[in-house]
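If you want the building blocks of each chain, they are given just below.
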Amino acid sequence: MISQYLEKNKIIAVANASEATPENRIDFSALLAINPQTVGWVQIDGTPLEYPVVQTDSNDYYLHNSFNNEASIEGTIFLDYLCNTERTRNNVLYGHYMRDESMFGSLWHYQQQSYFTEHPVIKFDRPNDPGDWEIFAAYVTDADYDYRQPEFSDDAEFLAYMNRCKTCSLYDTGVVVNPTDEVLTLSTCIYTFENARFVVQARKK
C-alpha cells in the first residue's frame, strides 16, 4: 500500500512540474511522456481524489492496470471508450471504489449534503482546456440505469436526459443544467446493494 501512495505522489509531482498557465494547470507533456493515452486530470480539492485520466479502446484494460501500465488492483481513472473527446457532451469517468479512499473511494462521502457543501467543484482538465465543474447530482443507482450516454441528437434531448438524472440526486445542489452545457460524470461501484453504482455529475462552468 505504501508503494501505491509513493507512486501516486510521483505522478502528482510530474503533473505539477511546470508552472501553471491559463491553458494548462497540469503538465500534460510530462504525463503524455509516461502514458500516451493520457486525456485529462481529475481532482477535488481537499480530498484524496487527484489522478491522471486515460482512455483506450475498451473499458477493461485500466480496471486492472496502473498509469504506468503495470498490473494493479487499483487500476487507473479512465474515460469511457465511447466518449469521443472532440464531441462528447457527457464525459464519463470510471474509477474503483477503494476502501482506503484512493481512486474513486472518497466519492461515497457525497451521499451527505454537508460533504458537497465543502467540495462543490470538480477540477477536470484536458490538454489546453482546464475546467471547473459544478456538481448538480449525486446518487446511488443500478448499473443498468442509463446515465452514461455520451452524445445527443440536439440540446433538447441533452437537457431532458440530464434533468432526469438530476431527479435521482440525493439532494438539491442548486446548480442548474443548461441546454448547451457539457457534463462530467464520475461513476464507481458501491456496495449499497448488488450491482450498485454511485454517480456524481457536474456541469462545466
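For the structure itself, consult the block above.
Reading the values: the criteria
- Residues numbered from 1 in each chain as written.
- Predicted model: local features only at pLDDT ≥ 70, side-chain atom pairs only at ≥ 80, totals over all residues.
- Heavy atoms only, no water.
- Helix = DSSP H or I, 4+ residues; strand = E, 2+ residues; numbered from the N terminus.
- Rg over C-alpha atoms; globule rule 2.2 N^0.38 Å.
- Buried < 20%, exposed > 50% of the residue type's maximum accessible area, 1.4 Å probe, protein only.
- Contact = heavy atoms within 4.5 Å.
- Polar contact = N/O pair within 3.5 Å; in protein donor to acceptor, adjacent residues only side chain to side chain.
- Salt bridge = Lys/Arg side-chain N within 4 Å of Asp/Glu carboxyl O.
- Core = buried A, V, L, I, M, F, W, Y, C linked by side-chain atoms within 4.5 Å.
- Pairing = 2+ DSSP bridges.
- 1 Å grid on protein atoms, 1.4 Å probe; cavity = no way out; pocket = protein on both sides within 12 Å on 5 of 7 lines; lining within 4 Å.
- Points joined across faces, edges and corners; volume = space filled by probe spheres on them.
- Nonpolar A, V, L, I, M, F, W, Y, C, P; charged D, E, K, R; others polar.

1. Remarks on the overall build of the protein
Of the regular secondary structure elements, the protein holds 4 helices and 8 strands. N-terminal to C-terminal, the α/β element order of the protein is α-α-β-β-β-β-α-β-β-α-β-β. The C-alpha radius of gyration computed for the protein amounts to 16 Å, which stays within 12% of the reference 17 Å derived for 205 residues, consistent with globular compactness. Reported as C-alpha extents along the three principal axes, the dimensions of the protein are approximately 40 × 35 × 35 Å.

2. Let's talk about the environment of K8
Note on placement: K8 falls in helix α1 (residues 2-15). Judged by relative accessible area, K8 falls into the buried class, the value being 16%. Those residues in contact with K8 that lie beyond four places of it in its chain are P48, E50 and Y51. In terms of polar contacts, K8 uses its side chain to reach the backbone carbonyl oxygen of P48, at 2.5 Å.

3. Some points on the pattern of salt bridges
According to the stated counting rule, one finds 11 salt bridges in the structure shown. A single salt-bridge network, built from bridges that share partners, covers R126, D129, E182 and K204.

4. What about the nonpolar core?
Most often, soluble globular proteins keep nonpolar side chains buried together rather than apart. Counting 43 residues, the largest nonpolar core has L93, L107, Y110, I122 and V200 as the members making the most contacts within it. Looking at this core element by element, the count peaks at 4 residues for strand β8 (residues 196-204). If we skip the residues at most four places from it in the chain, L107 touches I44, L49, L186, T188, F198 and V200. Counting 13 residues, the second-largest nonpolar core is a separate cluster that includes F136, Y139, V175 and V183.

5. Observations regarding the pairing of strand β2 (residues 50-54)
When you tally the buried positions in β2, you get 5 out of 5 residues, the bulk of the element. Judged from the 5 bridges that link them, strand β1 (residues 38-43) and β2 form a sheet pairing that is antiparallel. Residue pairing across strands places V42 opposite Y51, the latter belonging to β2. The turn linking β1 back onto β2 is made up of 6 residues, and G46 within it adopts a positive phi angle of 80 degrees.

6. As for the side chain of S169
Counting through the fold element by element, S169 comes out in the loop between α4 (155-167) and β7 (183-189). Polar side-chain contacts of S169 include one of 3.2 Å to the backbone nitrogen of A138.

7. Description of the pairing of strand β5 (residues 121-125)
Both β1 and β5 contribute to a ladder of 3 bridges, which runs antiparallel. Residue pairing across strands places V42 opposite F124, the latter belonging to β5. Where β5 and strand β6 (residues 132-142) come together, 3 bridges link them in antiparallel fashion. Looking at β6, one finds that V121 is bridged to E134. In this structure, the hairpin formed by β5 and β6 is closed by a connection of 6 residues, where N128 is found at a positive phi of approximately 65 degrees.

8. A closer look at the layout of surface pockets
For the second largest pocket, the calculated volume is near 290 Å³. In terms of lining, the second largest pocket is formed by 13 residues, of which the most central are L63, F78, Y94, C189 and R197. The greatest single-element share of the lining of the second largest pocket, amounting to 3 residues, is contributed by β7. Here the residues of the lining of the second largest pocket are counted per class, giving 5 nonpolar, 5 polar and 3 charged.

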